[in-house]
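Residues per chain, in single letters:
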Amino acid sequence: MVKLIHTLADHGDDVNCCAFSFSLLATCSLDKTIRLYSLRDFTELPHSPLKFHTYAVHCCCFSPSGHILASCSTDGTTVLWNTENGQMLAVMEQPSGSPVRVCQFSPDSTCLASGAADGTVVLWNAQSYKLYRCGSVKDGSLAACAFSPNGSFFVTGSSCGDLTVWDDKMRCLHSEKAHDLGITCCDFSSQPVSARRTEHQLKQFTEDWSEEDVSTWLCAQDLKDLVGIFKMNNIDGKELLNLTKESLADDLKIESLGLRSKVLRKIEELRTKVKSLSSGIPDEFICPITRELMKDPVIASDGYSYEKEAMENWISKKKRTSPMTNLVLPSAVLTPNRTLKMAINRWLETHQK
């Protein structure tokens, strides 16, 4: 029989979210505070409430170990707290400055995802507290987020009812209209997804796509204007992967060179992902620009590794923003990544005999 154990009434306004660790309960509220309680007797901890946010706190979550608590707010920040003493560890500002509605740790605690009212989603490095990668959905405010059990991908839900699946490199794998009204929560079952299953799912996302799936993918890639053309030419998943610059120009009659280039670039990302999984090439060995195995990797000032020639071409074309984060590069200096190069060479020796 279910019975009431305890009632907590310390917040001065509506409670927006609550979260459990092994030993604590966290709550956050419109009153701008986060409160921590012991699960032994539901007494509030001495360093509670946690105060920093200047507007309503929408979400809070514990890291898997329970040692860190994240909170996010209308003030556009996501804050990390030490749960043992209430010390503020980091304040991470959403690049767009938009109100942050949801935050969630990855299963291994290496990353923290934050979703905002303007549809932007950011992956933060939970150790260095620096921005790792960012992306955005086309419509709606993000209000829900969940990682798969193995952390290889995560899903976001928006106020427009859209679900979007991202991989751990912030590439959009799939997007669809899941609900007529807004999504307020989402979660994964605890059963891990096997590598074989993941590869099969990815192939479903590409080769087995229907024409409608292709339309959904186009919208997710900000190519909504091409939906009509692709439908008129009956482009399904297999047809999509076989498109060339010639067929885009001659058969689909896409006149804009820039638009054709963007479509081909997105298609190549899909091809590379399938090829990478089937061949077993570690994703960290692939250049984010060329989507090919790196031969001469260098580290740019954004902290990411790229193929040297590709990054030099990127910078020479006066693109002084990071290919990964779209933020301004602090410097154009490229440093050889000898450790990564040796790892790639060892992998080649093992797998290409």
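Relevant structure appears above.
Described in the following lines is the structure provided in the data block. Note that the structure is predicted; figures quoted are calculated from it, not measured.

1. Describing the overall build of the protein chain
Thinking step 1. Each helix and strand in the protein chain was counted, giving eight helices and 19 strands.
Thinking step 2. For a compact globule of 353 residues, the expected C-alpha radius of gyration is about 20 Å, and the protein chain comes in at 22 Å, within 12% of that figure.
Thinking step 3. Counting only C-alpha atoms, the protein chain reaches 70 × 50 × 40 Å along its principal axes.
Thinking step 4. In the protein chain, which comprises 353 residues, the proportion classed as buried is 45%.
Thinking step 5. Residue pairs at least 24 apart in sequence account for 42% of intrachain contacts in the protein chain once pairs closer than 6 positions are excluded.
Thinking step 6. Considering the protein chain, the positive charge centre built from 38 side chains and the negative charge centre built from 43 side chains are found 5 Å apart.

2. Notes on the sheet that holds strand S5 (residues 57-62)
Thinking step 1. On the basis of which strands lie adjacent, the open sheet formed by four strands has the order S5-S6-S7-S8 and antiparallel pairing. Both edges of this open sheet fall to S5 and strand S8 (88-93), since each of them pairs with a single strand only. Pairwise comparison of adjacent strand axes, ignoring direction, gives a mean angle of 15° for this sheet.
Thinking step 2. Where S5 meets strand S6 (residues 68-73), five bridges bridge the pair, whose relative direction is antiparallel. Following the sheet pairing, Cys-60 is matched in S6 by Ser-71.

3. Details of helix H7 (residues 308-316)
Thinking step 1. Restricting attention to buried positions, one finds in H7 the residues Ala-310, Met-311 and Ile-315. The buried residues of H7 all sit within an arc of 130° when viewed along its axis, so they share a single face. Exposed residues lying more than 90 degrees from the buried face of H7 are Glu-309 and Ser-316.
Thinking step 2. The inward-facing, buried residues of H7 abut strand S18 (305-307).

4. Side note on helix H2 (residues 211-220)
Thinking step 1. The set of residues buried in H2 consists of Val-214, Ser-215, Trp-217 and Leu-218. Taken end-on, H2 shows its buried residues confined to a sector of 160°, consistent with a single buried face.
Thinking step 2. Asp-222, located one to two residues past H2, shows a positive phi value of around 65°.

5. Regarding the sheet that holds strand S13 (residues 142-147)
Thinking step 1. Judged by pairing direction, the sheet is antiparallel, and its four strands sit side by side in the order S13-S14-S15-S16 without closing on themselves. The open sheet terminates on both sides in strands that have one partner only, identified here as S13 and strand S16 (172-177). Here the strands of the sheet are splayed against their neighbours by 15° on average, with no regard to which way each runs.

6. Here we look at unusual backbone geometry
Thinking step 1. Here the residue pair Ser-48 and Pro-49 is connected by a cis peptide bond, since its omega of 5° sits within 30 degrees of zero.
Thinking step 2. Note on placement: Pro-49 falls in the loop between strand S3 (33-38) and strand S4 (50-51).
Thinking step 3. You will see that Asn-234, though not glycine, has its phi angle at about 55°, which is positive.

7. Topic: the packing of aromatic side chains
Thinking step 1. A complete count under the given rule lists four aromatic pairs for this structure.
Thinking step 2. Feature note: the residues Phe-147, Phe-154 and Trp-166 constitute an aromatic cluster, connected by ring pairs.

8. A word on the nonpolar core
Thinking step 1. Counting residues in hydrophobic clusters, the biggest one holds 60 residues, and the most contacted among them are Leu-69, Leu-112, Leu-123 and Phe-154.
Thinking step 2. The element that contributes the greatest number of residues to this core is S5, accounting for five residues.
Thinking step 3. Within the second largest apolar cluster, 18 residues are counted, among which are Leu-243, Leu-248, Ile-267 and Leu-270.

9. A few points about a nonpolar patch on the surface
Thinking step 1. Together, Phe-52, Met-88 and Val-91 give the surface a local cluster of nonpolar side chains, amounting to about 220 Å² of exposed area.
Thinking step 2. As for its placement among the helices and strands, Val-91 is situated in strand S8.

10. Things to note about the pattern of salt bridges
Should their charged atoms come close, side chains of opposite charge can pair.
Thinking step 1. This model, assessed by the stated rule, comprises four salt bridges.
Thinking step 2. We note a salt bridge from Lys-138 to Asp-222, for which the minimum N-O separation is 2.9 Å. Taken together, the positions of Lys-138 in the loop between strand S12 (131-136) and S13 and Asp-222 in the loop between H2 and helix H3 (227-232) put the pair 84 residues apart, joining distant regions of the chain.
Thinking step 3. Given the relative accessible area of 45%, Lys-138 is considered partly exposed.
Thinking step 4. Since its relative accessible area comes to 49%, Asp-222 is described here as partly exposed.
Thinking step 5. Between Lys-231 and Glu-212 there is a salt bridge whose closest N-O contact spans 3.6 Å. With a gap of 19 residues between them, Lys-231 in helix H3 and Glu-212 in helix H2 connect regions that are remote in the sequence.
Thinking step 6. Since its relative accessible area comes to 48%, Glu-212 is described here as partly exposed.

11. Describing the pairing of S16
Thinking step 1. Note: strand S15 (residues 162-167) against S16, five bridges, orientation antiparallel. Bridge assignment links Leu-163 to a residue of S16, and that residue is Glu-176.
Thinking step 2. The antiparallel pairing of S15 with S16 creates a hairpin that spans four residues between the two strands, and Met-170 there sits at a positive phi of about 65°.

12. Section: the environment of Ser-159
Thinking step 1. Structurally, the position occupied by Ser-159 is in the loop between strand S14 (153-158) and S15.
Thinking step 2. C-alpha separation for the pair Ser-159 and His-47, spaced 112 residues apart in sequence, amounts to 35 Å.
Thinking step 3. When neighbours within four sequence positions are excluded, Ser-159 is seen to be in contact with Gly-140, Ser-141, Leu-181, Gly-182 and Ile-183.

Criteria and thresholds
Residues numbered from 1 in each chain as written. Predicted model: local features only at pLDDT ≥ 70, side-chain atom pairs only at ≥ 80, totals over all residues. Heavy atoms only, no water. Helix = DSSP H or I, 4+ residues; strand = E, 2+ residues; numbered from the N terminus. Rg over C-alpha atoms; globule rule 2.2 N^0.38 Å. Buried < 20%, exposed > 50% of the residue type's maximum accessible area, 1.4 Å probe, protein only. Contact = heavy atoms within 4.5 Å. Lys, Arg positive; Asp, Glu negative; His and termini not counted. Charge placed at Lys NZ, Arg CZ, Asp CG, Glu CD. Pairing = 2+ DSSP bridges. Axes fitted to C-alpha atoms, helices over the stretch in contact; angles between N-to-C directions. Arc of directions from axis to C-beta. Phe/Tyr/Trp six-rings, centres within 6.5 Å; stacked < 30°, edge-to-face > 60°. Core = buried A, V, L, I, M, F, W, Y, C linked by side-chain atoms within 4.5 Å. Patch = residues over 30% accessible without salt bridge, like charges linked within 9 Å, V, L, I, M, F, W, Y side chains within 5 Å. Areas by Shrake-Rupley, 256 points an atom, 1.4 Å probe, with all protein chains shown as cover. Salt bridge = Lys/Arg side-chain N within 4 Å of Asp/Glu carboxyl O.

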